[in-house]
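Secondary and tertiary structure notes
Single-letter residue listing:
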Amino acid sequence: MLQKTSQFMKQANLINGEWVQADSGQTIDVTNPATGLKIGTVPKAGKAETRRAIEAAQQAFLSFRKTSALERSKLLRKLHDAIMDNQDALAELLTLEQGKSLTESKGEIGSSAAYVLWFAEEARRAYGDVVPSPWTDRRVLVTREPVGVIAAITPWNFPSSMLSRKLGPALAAGCTAVVKPASQTPYSGLAWGALCEEVGIPRGVVNIVTGSAGEIGDEICANPLVKKITFTGSTEVGKMLIQKSASTVKKVSMELGGNAPFLVFDDADLDRAVQGAIAAKYRNSGQTCVCTNRFFVQAGIHDKFVEKLAEASKALKVGSGLDAGVQQGPLIDVKAVEKVEEFIADAKAKGGKVVSGGKRHALGGSFFEPTVISGATTDMMFMKEEIFGPLAPVFKFDTEEEAVALANDTEFGLACYFYTGDLGRAFRVMEGLKYGMVGVNEGIITTPEAPFGGVKESGLGREGGHQGLDDYLDTKYVCIGGLGL
């Protein structure tokens, strides 16, 4: 099994081009969530190792910033090709440590490569301006330059693609990086170090440290050499990082929590809506920040939708991600299972009805049945809190205005989805929903060509699209005088 993955399964940190262990010699165990068995270990690094990684990145930045946009574009194209050449091995490694199905893992690796290719192209389009001067003897230029050392902190649910959205634009802009992958899924992050080495990205440009989130995070926030932090994870941790990095006034990009609503109107194509609902709810076992958290279905179509959603949920094949045909793997750990059980118990106590699923899967461990609950009400926990599991609560509504108000009744504003066959309604609802991303008659909308990110407490900045490069660049105004014109 590990034959394919062994060249990428690095059980060491990458600092200044060297694969090293933690100073203390301490390690963190990494387990396969499908079996509960240990896969291997990674170093438990802290402040000292992080400081060295930041210093290495700063040293590398002095020369890397001078490379041409064309050179960086070529390096990123090579990186894209290396990812795709090793798609199967990287996907297998991802499934081993994260649990998602091999099909989803291959999709994630493909998506990682697509982001890298996108930013290979955008590297050559970081345009500045020549501004018409108000003075006859001066010229006004606006240029854009790499911010410097960036620190990327990535989550366990998409350990490869979340890094591609940060490393891609950073390298395209001419920045260098210190990366902290999640401790549950470090190998997919460390694999990027091996890939960067393989394609000839200079030493010190990409550094990867695993270990204590608190110690590594504190050093990243306090160290003045780090000019930007990019983080994907919970709103709670994001707020802490913003606070702690204020003392050195760093740029921050924050892709934080979600509470995605999925609205189905009476005039929707019912089968298409159910198909979109399955994709938007159960991908990665419901463990994505853009997963549907709340289904709002109009009264006229409600009962039929619940029935069809329950049928489709029951039909999902649950099992180890490495097994053929599996559509839903395990949750990341038993703590995640207990959280889903808490949501279900709360809903049942308040009158919710479990239509399908509702309990731990017969496979044991952290496997859980895809679950549909009807009769959801606004006083239930999932109205305000992110589920992060395979649980689909369905609320009933009567009017369009009511649906939009319910959908917006949250401090989050990442992704939302709605289904309708009415063009006027499509525009009214799209404009009424306070979210960074809207899917109209579509349940999966992420693509490198479009900006990914939220509003309100779901974050700051955008990943992907031409906007994805902006946060890695500083704008400089240059006034050239004394031209004697």
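The paragraphs below set out a description of the structure included in this document. It should be emphasised that the depicted structure is a prediction, and the values quoted were computed from it without experimental measurement. (Residues numbered from 1 in each chain as written. Predicted model: local features only at pLDDT ≥ 70, side-chain atom pairs only at ≥ 80, totals over all residues. Heavy atoms only, no water.)

A short note on a nonpolar patch on the surface
Among the surface-exposed residues, L423, F427, M430 and V440 lie close enough to one another that they form a single nonpolar patch of about 360 Å² accessible area. Structurally, L423 can be placed in helix 13 (residues 423-432). (Patch = residues over 30% accessible without salt bridge, like charges linked within 9 Å, V, L, I, M, F, W, Y side chains within 5 Å. Areas by Shrake-Rupley, 256 points an atom, 1.4 Å probe, with all protein chains shown as cover. Salt bridge = Lys/Arg side-chain N within 4 Å of Asp/Glu carboxyl O. Helix = DSSP H or I, 4+ residues; strand = E, 2+ residues; numbered from the N terminus.)

Details of the nonpolar core
In this structure, F8, L79, I83, I150, Y187, I201 and V206 are the most contacted members of the largest nonpolar core, which totals 54 residues. A total of 8 residues in this core trace back to one element, the largest contributor, which is helix 6 (residues 186-199). In this view, I201 contacts L75, L79, L171, C196 and V206; residues no more than four positions away in its chain are not counted. In terms of nonpolar packing, the next biggest core, distinct from the first, is built from 34 residues, M380, I387, F397 and L406 among them. (Core = buried A, V, L, I, M, F, W, Y, C linked by side-chain atoms within 4.5 Å. Buried < 20%, exposed > 50% of the residue type's maximum accessible area, 1.4 Å probe, protein only. Contact = heavy atoms within 4.5 Å.)

Considering the packing of helix 12 (residues 400-408) against helix 13
In the contact formed by helix 12 and helix 13, the axes pass within 10 Å of each other and the chain directions differ by 30°. In terms of axis orientation, helix 12 runs roughly parallel to helix 13. In this structure, the crossing between helix 12 and helix 13 has a hand that is right-handed. Judged by residue contacts, E400, V404 and N408 of helix 12 engage R425, R428, V429 and G432 from helix 13. (Axes fitted to C-alpha atoms, helices over the stretch in contact; angles between N-to-C directions. Parallel < 35°, antiparallel > 145°, perpendicular 65-115°, else oblique. Left-handed = near helix turned anticlockwise from the far one by under 90°.)

Section: the pattern of salt bridges
Should their charged atoms come close, side chains of opposite charge can pair. Per the counting criterion, the structure on display carries 26 salt bridges. Among the salt bridges present, the one from D267 reaches R425, with a minimum N-O distance of 2.8 Å. One end of the pair, D267, is in the loop between strand 12 (260-264) and helix 9 (270-282); the other, R425, is in helix 13, with 158 residues separating them in the sequence. What makes D267 partly exposed here is its relative accessible area of 31%. Under the relative-accessibility criterion, R425 is labelled buried at 13%. Residues joined by salt bridges that share partners form a network here, namely D267, E400, R425 and R428.

With respect to the side chain of T210
With respect to the helices and strands, T210 occurs in the loop between strand 9 (206-208) and helix 7 (213-222). A polar contact of 2.7 Å, which involves the side chain of T210, links it to the backbone oxygen of P43. In contact with T210, other than residues within four places in its own chain, are N13, V42, P43, K44, A45, P181, P186, L190 and I216. (Polar contact = N/O pair within 3.5 Å; in protein donor to acceptor, adjacent residues only side chain to side chain.)

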